[in-house]
Amino acid sequence: MSDWTRAKRTDPHSSKPENRKRGIDGSLRERETCCRGRENGGHTDGSYRYTEKRHANFTTPESTGPVSRCSRAADWGSQVDDEDEMRRDVHRDMQRYRRRILGAEVTQRERKTSSGSSESCDSREGENMETDEAVLLRRQKQINYGKNTLAYDRYTKEVPKHMRQPGVHPKTPNKFRKYSRRSWDQQIKLWKVKLHAWDPPTEDGQDKVLNIGELGLDDVIDIELDFPTLPDSDQKTTASLPAHSLSLEGEDCSGTPVKVQKTESRVEPDMA
Amino acid sequence: MLPSVMENTTDDYKIQSFDLDTQMLLKTALKDPSSVNLEKVSDIIMDQSLKDQVFSKEAGRICYTIVQAEAKQNNGNVFRRNLLNRLQQEFKNREETRRRSLQEWVCYVTFICNIFDYLKVNNMPMVALVHPVYDCLIRLAQPDALMNEEEVDCLVVQLHRIGEQLETMNSPRMDELFFLLRDGFLLQEGLTSMARLLLLEILEFRAGGWVLSSTAHKYYYSEIAD
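Residues numbered from 1 in each chain as written. Chains lettered and ligands numbered in written order. Predicted model: local features only at pLDDT ≥ 70, side-chain atom pairs only at ≥ 80, totals over all residues. Heavy atoms only, no water.

As recorded in an unreviewed UniProt entry, chain B goes by the name MIF4G domain-containing protein, listed as coming from Etheostoma spectabile. Listed under Sequence similarities (unreviewed entry) in UniProt, the entry text for chain B is "Belongs to the MIF4GD family." (UniProt positions renumbered as here; feature names shortened; annotations may be inferred.)

Next comes the structure, spelled out in structure tokens:
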């Protein structure tokens, strides 16, 4: 379920999943702050909150010690609460996005009339955005899985937004754009592959190499069908194997398919 | 509250079967949720739904009103959370419930479907209930269940009420359910003619886009008008 929304309860205003990170092996990291409902949240937007009387940690039969209760909520009460919260967040995101697009469109129109520049494909994005709630929720969940990782945490700390280069740095897929299901799922997959470059080093010092074969990236050829605006490329259709050691980070990213790079260099509001 | 208003509440929510004290408690919960023990209220509603078919058919409404009232009054969700968790408990034990009492099992299915229908979150059904509801309906479509008219009746009534919404939330499972219904209709020996009629009607109902054509309606229901 949406674990990240639990993290949000400790800070209703944060848009980042602060807690509940996973290590490489998928195990939960110790949470610094657990679901402590803030009694005086200090928020005025009327957003939904509990007054918590529940235990923050308890030992389950499967665990060897106290486990944060914010592991996947199995009880329907919590699942529905999470759903509720996620829906609210998606609606809020949608409003923000609309405002942002509208603002950008106005600026573009002004620029066009003054400089006579050619039409940008974004000029009518506001009218053509994805609004189906079920789709948005599903996409948000997928994004959450990617953001709820140590790799993402390290990435965002290391590379501030203004330093991010298209194609080189992973960019969160824009859930408000119209994409086919397959196209979207591929974007998510590739985004997460790229994020792995920021995985923390393993304890035994071994480099962890991604088995690209497992990811089924022979399907990457299908991206061409989904992104029709991209030119054909003779480029090898394998994604770069993200080097585990950080020193290689900025250096060689030529393995990334040109197709994907092209997509990410399109001007779009940064939703990462 | 005026006596006449109180009476409407009793009737609207079908709470006549409760003793007067409990009726009072429920009415207070509707108006002033923070003044009552909401966990207790949800337990009372849950327990009664398992016993009283008339109540379970519309219990979703009173639940929805209490949820809204609590959210509005203090942003709370004690009632909903407790109700859902009780629902989940009963769901886990449903096979045993069915063995012990067909009536209770049918009441449970009626209740959970009613909750699915009424307790919407931002006008959308609760995703968390989709699979459990399907599990229940698919259970009702199993060969042993089709032999019992009460189970078949429950199944078709629920599909009439929430089938379309359920299908929107998850279409493959609806297909799965209807495969069973077709098989049951065609192959199951020992079905009563009433059971077969109910199954045929629901098959036509879904095939028509969750609407019965007027001719089909005439076939199935014309005698009722007489």
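Text resumes after the structure shown.
**Q** Quick question: what am I supposed to make of the overall build of chain B here?
**A** The helix and strand inventory of chain B stands at 13 helices and zero strands. If you list the helices and strands of chain B from N to C, you get α-α-α-α-α-α-α-α-α-α-α-α-α. Partitioning the intrachain contacts of chain B with sequence separation of at least 6 by distance along the chain shows that 66% fall at a separation of at least 24. Counting every atom, chain B has about 10900 Å² of accessible surface; 51% of that belongs to carbon and sulfur. (Helix = DSSP H or I, 4+ residues; strand = E, 2+ residues; numbered from the N terminus. Contact = heavy atoms within 4.5 Å. Areas by Shrake-Rupley, 256 points an atom, 1.4 Å probe, with all protein chains shown as cover.)

**Q** What is the right way to look at the nonpolar core in this model?
**A** A general trend in soluble globular proteins is that nonpolar side chains are found buried together. The biggest cluster of nonpolar side chains holds 71 residues, and the ones touching the most others in it are I45, I62, L87, Y108, L137, L159 and L181 of chain B. Shared between two domains, this core takes at least three residues from each, and those domains are domain 1 (15-121) and domain 2 (128-226) of chain B. If we skip the residues at most four places from it in the chain, L87 of chain B touches W76 of chain A together with M46, Y108, F111, I112, I115 and L129 of chain B. Within the second largest apolar cluster, twelve residues are counted, among which are A151, I188, L195 and W198 of chain A. (Core = buried A, V, L, I, M, F, W, Y, C linked by side-chain atoms within 4.5 Å. Buried < 20%, exposed > 50% of the residue type's maximum accessible area, 1.4 Å probe, protein only. Domains from an automatic or database assignment.)

**Q** Any chance you could explain helix α7 (residues 102-118) of chain B here in plain terms?
**A** Residues three or four positions apart in an α-helix share a direction because the helix packs 3.6 residues into each turn. Its 17 residues place the ends of α7 of chain B 24 Å apart at the C-alpha level, agreeing with the 24 Å of an ideal helix rising 1.5 Å per residue. Among the 17 residues that make up α7 of chain B, 14 are buried, leaving the element largely enclosed by the rest of the structure. (Expected span 1.5 Å × (residues − 1).)

**Q** Would you take a moment to explain the confidence of the model for chain A for this structure?
**A** It should be kept in mind that the predicted coordinates are not to be read in detail where pLDDT is low. Residues and elements named next belong to chain A. On average, chain A scores 65 in pLDDT, and the residues at 70 or more come to 42%. Across chain A, the element-wise mean pLDDT spans from 42 in strand β2 (residues 66-68) up to 94 in helix α5 (residues 181-195). Contacts for the low-pLDDT stretch residues 30-53, under 50 throughout, to residues beyond four places or in other chains number 44 contacts. (pLDDT = per-residue confidence, 0-100.)

**Q** What should I look at first to understand the packing of helix α5 (residues 78-92) of chain B against helix α8 (residues 127-140) of chain B in this one?
**A** Residue and element names in this part refer to chain B. Between α5 and α8, the shortest axis-to-axis distance is 12 Å and the interhelical angle comes to 35°. Regarding α5 and α8, the two cross each other, and that crossing is left-handed. Packed against α5, whose contacting residues are L84, L87 and F91, the element α8 presents L129, P132, D135 and C136 at the interface. The class makeup of the residues in the contact of α5 with α8 is six nonpolar, no polar and one charged. (Axes fitted to C-alpha atoms, helices over the stretch in contact; angles between N-to-C directions. Left-handed = near helix turned anticlockwise from the far one by under 90°. Nonpolar A, V, L, I, M, F, W, Y, C, P; charged D, E, K, R; others polar.)

**Q** Explain the pattern of salt bridges here, please?
**A** When their charged atoms lie close together, side chains carrying opposite charge are able to pair. For the structure on display, the rule yields 28 salt bridges over all chains. Of the charged contacts, one joins R86 of chain B and E90 of chain B as a salt bridge, the two residues approaching to 3.2 Å between their closest N and O atoms. You can see R86 of chain B and its partner E90 of chain B sitting in helix α5, four residues apart, about one turn around the helix. By relative accessible area, R86 of chain B is classed as buried at 13%. Classification of E90 of chain B by relative accessible area gives buried; the value is 14%. For E104 of chain B, the salt bridge goes to R100 of chain B, with nearest N and O atoms at 2.7 Å. One connected set of salt bridges, linked through shared partners, spans D75, D81, D84 and R88 of chain A together with R80 and R81 of chain B. (Salt bridge = Lys/Arg side-chain N within 4 Å of Asp/Glu carboxyl O.)

**Q** Any chance you could explain a positive patch on the surface here in plain terms?
**A** Residues and elements named next belong to chain A. There is a patch of like positive charges on the surface, built from R96, R99, R100 and K161. Topologically, R100 is positioned in helix α2 (residues 76-115). Owing to a relative accessible area of 43%, R100 belongs among the partly exposed residues under this scheme. (Patch = residues over 30% accessible without salt bridge, like charges linked within 9 Å, V, L, I, M, F, W, Y side chains within 5 Å. Lys, Arg positive; Asp, Glu negative; His and termini not counted. Charge placed at Lys NZ, Arg CZ, Asp CG, Glu CD.)

**Q** Quick question: what am I supposed to make of the packing of aromatic side chains here?
**A** Aromatic ring pairs are defined here through the distance separating the ring centres and the angle between the ring planes. Per the stated rule, a full pass over the model turns up eleven aromatic pairs over all chains. With a centroid separation of 6.2 Å and an interplanar angle of 90°, the aromatic rings of F178 of chain B and W210 of chain B are classed as edge-to-face. With F178 of chain B in helix α11 (residues 171-187) and W210 of chain B in the loop between α12 (193-207) and α13 (214-225), this residue pair connects regions lying 32 residues apart in the sequence. Here the guanidinium or amino end of R139 of chain A rests over the ring plane of W184 of chain A, the centre of that ring lying 4.5 Å away. Sitting over the ring of F91 of chain B, R94 of chain B keeps its end group 3.9 Å from the ring centre. (Phe/Tyr/Trp six-rings, centres within 6.5 Å; stacked < 30°, edge-to-face > 60°. Lys NZ or Arg CZ within 6 Å of the ring centre and 35° of its normal.)

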